Amino acid sequence: MIVYSIVSGGFSHKEEPLLENVTFQLQSSSRVVLSGPSGIGKSTLLQLIFGSKTWNVGDETRDCPVHFQPQNDLLFPWKTVRENLVFTTPPQTEIDHYLDQVGLAHAVNLCPGELSQGMKQRVTFLRTLLSRRPLLLFDEPFANLDDACTKVLSSLLIEEQNRVGFATVIVTHNNRHKELLEAEAWAIEDGGLRC
Amino acid sequence: MLGIFEFIYEMWPRLFYHLQITVSEIIIAVASGALLSLLCMLVMHFSPLLKRCIESSLVLLQTIPLFILSPLLILWLGFSQIAVIAPTALMLVFPLTIAMYKGANATPKEYIEYYSCLGYSKLTLLLHVRLPFALPALFSGMRVAASTATIGALASEWAGGQAGLGVFIQEMRRNYDIYGVVTGILCTIMVSACMYGVIIWFEKLFSKRYAFSRAR
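Model, not experiment: these values are computed from the prediction.

**Digging into unusual backbone geometry**
Residues and elements named next belong to chain A.
Thought 1: With phi around 60°, Arg132 is a residue other than glycine that occupies positive phi space.
Thought 2: Relative to the assigned elements, Arg132 resides in the loop between α4 (117–129) and β6 (135–139).
Thought 3: You will see that Glu182, though not glycine, has its phi angle at about 50°, which is positive.
Thought 4: Inspection of the secondary structure assignment puts Glu182 in the loop between α6 (175–180) and β8 (184–189).

In structure tokens:
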């Protein structure tokens, strides 16, 4: 069981209150899709849980390590695809096998500057998926991908989750992704999280 | 013009002797200056308190015309190349340290936030994230250092050297040998240009490996 809570918490953006008290519990292989209109704070919430943004006030409890796929790739421009993944994944991970599964076998030795947006997104998806952390957060992981690619990545996520056992929270605007991922739905309403 | 070539032909062994001494002094000074700057940058990065001390010391150091230390070093250490190398290296520490430190802090904020949230140590972040992003600024500093080192080495030789192009030019001036002086100046320009070329070559090499575009 993964527990996250922020008590008496609040986060403001440009002095406008955006999010307040957030508490949730997740089973170790739960899959959640977080949706809602643009600008409501979905990405911000993931960044707050991950730690790259901090709550203005409140006592935060997070009982496990988290990995996060942000919207911008944040890959090292001087490392190849394999080197980027080796840097973040645990040793002994069969990186080439996973790259092959997402259709990037030919791009193993290419640098991010030589990849398309969709290819970069698949690499960052793998970077998070292969981190083997108990809670994985994905911010619009399928934004630049076609339907076929989205299906491949969704199946891989479900397969790995069933095999390894980790919880995921996925931000998406597309309702079809919720069905594809067979995930439960959460939403942000009035600055709070509705589970 | 022909006279200069004749002079070079006749004086080549002597000229080469002085030339190689100056070149070796510049190379050692640039290498030790760069190492010292790296050390200063690391200390400044890990200790905000020492950062202030080092910054003030470097500014103070920069206000001293360091080549005047050469005669003093000769009195302390006797005649040796250290009297030329040490002031030259110290001249490079200020521009190189500032370039390295600014470069290391020019890393996009999102990278530092993201990878530190993933649990990487400050040292890992420095080696794998900050230093590669600092390379363009570092090479800008190295370009400045390459020309400063030539000036520094010549001025130090002038002030207290036993050999080198600075001493050679001084000897020729004393003998009122205009070809000798012009040859010395031409050699100095050539050494400076070659040093700059070497830095550009290294920059080209690193810019390919670390995927950054070179400043023109």
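**Focus on the sheet that holds strand β1 (residues 2–13) of chain A**
Residues and elements named next belong to chain A.
Thought 1: What the three strands build is an open sheet, ordered β2-β1-β4; its pairing is antiparallel. The sheet terminates laterally at β2 (16–26) and β4 (57–62), the two strands that pair on one side only. For this sheet, the mean angle separating the axes of adjacent strands, direction not counted, is 15°.
Thought 2: Pairing analysis gives nine bridges linking β1 to β2, with the strands arranged antiparallel. What sits directly across from Ser5, in β2, is Thr23.
Thought 3: Against the sheet, helix α1 (residues 42–50) engages β1, β2 and β4, with an angle of about 60° to β2.

**Examining the interface of chain B and chain A**
Thought 1: Across the boundary between the two partners, chain B contributes eleven residues, which contact 13 residues of chain A.
Thought 2: Looking at the side of chain B that touches chain A, the elements that each hand over two or more residues are α5 (109–117) and α6 (122–160) of chain B.
Thought 3: Among the elements that line the side of chain B that touches chain A, the one with the most residues is α5 of chain B, at five residues.
Thought 4: Partitioned by chemical class, the residues of the side of chain B that touches chain A number seven nonpolar, one polar and three charged.

**Considerations on the sheet that holds strand β3 (residues 31–35) of chain A**
Consider a sheet: its strands pair through backbone hydrogen bonds, and that pairing is either parallel or antiparallel.
Residue and element names in this part refer to chain A.
Thought 1: Spatial ordering of the open sheet is given by β5-β6-β7-β3-β8-β9, a layout of six strands whose pairing is mixed. Of all the strands in the sheet, the pair left with one neighbour each is β5 (66–69) and β9 (192–194). Sheet twist, expressed as the mean angle between neighbouring strand axes with direction ignored, is 20°.
Thought 2: Strands in contact with α1 are β3, β5, β6, β7 (167–171) and β8; relative to β6, the strand with the most contacts, it is inclined by about 150°.

Reading the values: rules and limits
Residues numbered from 1 in each chain as written. Chains lettered and ligands numbered in written order. Predicted model: local features only at pLDDT ≥ 70, side-chain atom pairs only at ≥ 80, totals over all residues. Helix = DSSP H or I, 4+ residues; strand = E, 2+ residues; numbered from the N terminus. Pairing = 2+ DSSP bridges. Axes fitted to C-alpha atoms, helices over the stretch in contact; angles between N-to-C directions. Contact = placed C-beta atoms within 7 Å. Nonpolar A, V, L, I, M, F, W, Y, C, P; charged D, E, K, R; others polar.

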